[in-house]
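Residue-level structure breakdown
The lines below spell out each chain.
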Amino acid sequence: MNSKRNILYLAHRLPYPPNKGDRIRTYHQIKYLAERHRVWCACFSDELEDARHITKLREMCENVAVVPWNRGRAMIRSAMGLLRGMGLTLAAYHDARMHRIVSEWSNRVSFDATIAFSACMGPYALEARTARRLLDLCDVDSQKWVEYAEMRRGPASWLCQREARHLRAFEEASLGRFDAVTVITNRERNQLDLAGSSQRLHVVGNGVTPPTYAARAASTLGSRIGFVGAMDYPPNVEAVKWFVSNVWHRIREKLPLAQFVIIGRNPTNVVRRLVRTPGVEISGTVADVSALIRECRVIVAPLRIARGLQNKVLEAMALGRPVVATTSTAYSLDAEAGRDIVVADQSVDFAAKTLQLLTDDALCDEVAEAGRTCVEQHHSWRRILREYERILLGAPTESNVLVSGSTIQRAPPPRRPLGPLVSGLASRGAGRFVS
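1. Digging into the packing of helix α7 (residues 141-151) against helix α8 (residues 154-177)
- α8 packs onto α7 with a crossing angle of 165 degrees between their chain directions and a minimal axis gap of 8 Å. What the angle tells us is that α7 and α8 run roughly antiparallel. α7 and α8 meet at a crossing whose hand is left-handed. Of the residues in α8, those touching α7 at D141, S142, Q143, W145, V146, Y148 and A149 are S157, C160, Q161, E163, A164, L167, R168 and E171.
- Along the lines of polarity and charge, the residues of the contact of α7 with α8 split into seven nonpolar, four polar and four charged.

2. Remarks on the sheet that holds strand β12 (residues 323-325)
- Judged by pairing direction, the sheet is parallel, and its six strands sit side by side in the order β10-β9-β8-β11-β12-β13 without closing on themselves. On the outer flanks of this sheet lie β10 (280-284) and β13 (342-343), each paired with one strand and no other.
- Pairing analysis gives three bridges linking strand β11 (residues 298-301) to β12, with the strands arranged parallel. The partner of A301 across the bridge, within β12, is A325.
- Across the sheet, helix α16 (residues 347-359) is in contact with β8 (224-228), β11, β12 and β13; its angle to β11 comes to roughly 165 degrees.

3. Remarks on the packing of aromatic side chains
- Applying the stated criterion across every chain yields a total of eleven aromatic pairs.
- Centre to centre, the rings of W40 and F111 are 5.5 Å apart; their planes meet at 85 degrees, and the pair counts as edge-to-face. Separated by 71 residues along the polypeptide, W40 in strand β2 (residues 38-45) and F111 in the loop between α5 (96-108) and β4 (113-117) bring together distant segments of the chain.
- Here W40 falls in the buried class, since its relative accessible area comes to 11%.
- Arranged with centres 5.9 Å apart and planes meeting at 40 degrees, the rings of W248 and F260 form a pair that is tilted. Highlighted residues: W248 in helix α11 (residues 248-254) and F260 in strand β9 (residues 259-263), separated in sequence by twelve residues. Note on accessibility: W248 and F260 belong to one class, buried.
- Through pairs of rings, three or more aromatic residues link up here, namely W242, F243, W248, F260 and F350.
- The cationic tip of R36 hangs over the ring face of Y32; the distance from NZ or CZ to the ring centre is 3.7 Å.

4. Description of the side chain of S142
- Position of S142 relative to the elements: it lies in helix α7.
- A distance of 3.0 Å separates polar atoms of two side chains, one belonging to S142 and the other to R168.
- Ignoring anything within four residues of it in the chain, the contact list for S142 reads A164, L167, R168 and E171.

5. What to know about the pairing of β8
- Taking burial as the measure, the five residues of β8 include five buried ones, the bulk of the element.
- What you see with β8 is no split at all: R224, G226 and V228 on one side and I225 and F227 on the other are buried throughout.
- The sheet contact formed by β8 and β9 spans five bridges and is parallel. Counterpart to R224 in the pairing with β9 is Q259.

6. Structural notes on the sheet that holds β2
- Spatial ordering of the open sheet is given by β3-β2-β1-β4-β5-β6-β7, a layout of seven strands whose pairing is parallel. Both edges of this open sheet fall to β3 (63-68) and β7 (201-203), since each of them pairs with a single strand only. The mean angle between the axes of side-by-side strands here comes to 20 degrees, regardless of whether they run parallel or antiparallel.
- Relative to strand β6 (residues 180-183), strand β5 (residues 133-138) runs parallel, the two being bridged by four bridges. The partner of L134 across the bridge, within β6, is A180.
- Helix-sheet contacts for α5 involve β1 (6-11), β2 and β3, and the interaxial angle to β3 is about 165 degrees.

7. Thoughts on the pattern of salt bridges
- One pass over the structure, following the stated rule, counts 25 salt bridges.
- A salt bridge links D95 to R97, with the shortest nitrogen-to-oxygen separation between them at 2.8 Å.
- Taking relative accessible area as the criterion, D95 reaches 4% and is therefore assigned buried.
- Given a relative accessible area of 28%, R97 falls into the partly exposed group.

8. Digging into helix α17 (residues 361-378)
- When the terminal C-alpha atoms of α17 are compared, their 26 Å separation across 18 residues agrees well with the 26 Å that a helix rising 1.5 Å per residue should span.
- For α17, the full list of buried residues reads C364, V367, A368, A370, G371, C374 and V375. Take α17 and look down its axis: the buried residues cluster within an arc of 165 degrees, on one side only. More than 90 degrees from the buried face of α17, the exposed residues found are A362, E366 and Q377.
- Elements in contact with the buried residues of α17: α14 (311-318), β13 and α16.

The rules behind the values
Residues numbered from 1 in each chain as written. Predicted model: local features only at pLDDT ≥ 70, side-chain atom pairs only at ≥ 80, totals over all residues. Heavy atoms only, no water. Axes fitted to C-alpha atoms, helices over the stretch in contact; angles between N-to-C directions. Helix = DSSP H or I, 4+ residues; strand = E, 2+ residues; numbered from the N terminus. Parallel < 35°, antiparallel > 145°, perpendicular 65-115°, else oblique. Left-handed = near helix turned anticlockwise from the far one by under 90°. Contact = heavy atoms within 4.5 Å. Nonpolar A, V, L, I, M, F, W, Y, C, P; charged D, E, K, R; others polar. Pairing = 2+ DSSP bridges. Phe/Tyr/Trp six-rings, centres within 6.5 Å; stacked < 30°, edge-to-face > 60°. Buried < 20%, exposed > 50% of the residue type's maximum accessible area, 1.4 Å probe, protein only. Lys NZ or Arg CZ within 6 Å of the ring centre and 35° of its normal. Polar contact = N/O pair within 3.5 Å; in protein donor to acceptor, adjacent residues only side chain to side chain. Salt bridge = Lys/Arg side-chain N within 4 Å of Asp/Glu carboxyl O. Expected span 1.5 Å × (residues − 1). Arc of directions from axis to C-beta.

This is how it looks when you write it as C-alpha cells:
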C-alpha cells in the first residue's frame, strides 16, 4: 500500500471540526487517508457555521464539494418518499446535486476506492465508478428505529417500525453490494450478522489521540462531576435529566458542595431548566472540551440508550478521569468493569459508586490510571486506522475484528424509556452550495 490511491469519500455531514461523534470519526478517517492518498470529499452541510470550516477540509483533500442540507426540505423529501414506498432516511438525503457531483467526479477521476459514511450515503457510492466500495454504517440505525418504535404508540410507532424495516433491508443488502461494510462495535456486528458468517463485515472502532501533557491527578480536583456530549441529542438529554432527577440529590446529601457540570453544545430547553437544581451548571459550546474535562474529578455517562462507541467517554479516560457509566454505555468499550471503568444502572448504585470515587482518593486515581492505560492500549487511532485502510483497499488485515468488544458484554444492555421521540433526521441550519 505504498503507492497513492484515488479515494472518494462521501459523508452526510461536513467532516470538520471534530466536535461530535460522527465528525470525530469522519475527520480522523479523512486526515489519515489524505496523508497517504489523494482524497476527494463530497458531503452535505447542515449548519450555517460550516462555511468557515470548508477551507480546513480543502487543505487535506484534492477537492471538496459541499451541498446544503435543510431539515425542512428533507422532511418534504421524506414525506414524498413515504408515498412512493421509500424509507424516510434514504429519501431525506436523496439530492440531485450530490448525484451530479458523484457522476462528474467519476467521469474525470479513476477512483480506486469509495467510502460512504452512513447508510444514507450508500446509494451515492453504488453509483460511483470505482474499483472498491466501503460502507461505514458506524451504528446499525435500523435497531435505533426499533427501539424508538417500542417507546411510541399509534401512528408514530408504526412509522418507526416501517423505517426500521426499510433500513434493515438496506443494511443487509449492503453486505452483498459493497466490498466491505464496517460497524463500530461487536454489538452492531452481531445485530447485523446474526449467523456471524459475513466475511465482508468488519468492526472498526473509534479511537483517541493521547494528550500531549499529563493532566492533574483526578483525586486533587475536589467534588466536581462532569457529563460530556451534544446536548441536543435525545439520549444525552434523557441521560442528564435522569441523573439530576434520580442521582444528584443522593450525592448532594453526602457532599453539599458537589458540582455537576453539563458540557456540550446546543443545550435544549429541557437541559437549560436543570440549572434550577442547586449545584448544576451548563457550559454550552466551548472551544476546548478537554479543558473542562480536566477540571472534573469524575465523569458520568448515565445513558439509558447508547449506540456505538461513546467518544467523550474515551476522551475522559484518556485524560485520566474515572468514568461511571451505565451498562448500555460501557457495553461497547474494550474495558474491564470495576477496573478500567465503573458500571452502575440503578440510581442508588450509581450515586454510591460516584460518591466512592469522590471520597476515596486512592480508588479514584486507581480507576483513572487503569482507564487511561486501557484506552491507550485498545483505542489508538493509529492502530485502528491502519487496519481500516487495509480493509478499504482490500489488503490482508491483522484481524477481521479490530475492536474485540468489552468484557462487560455478558448480557444485553437494559432498555429504558427515552422520552419524546426526536427524529434521527433532525438537524439545524443550512449552508451555501460549494463545489
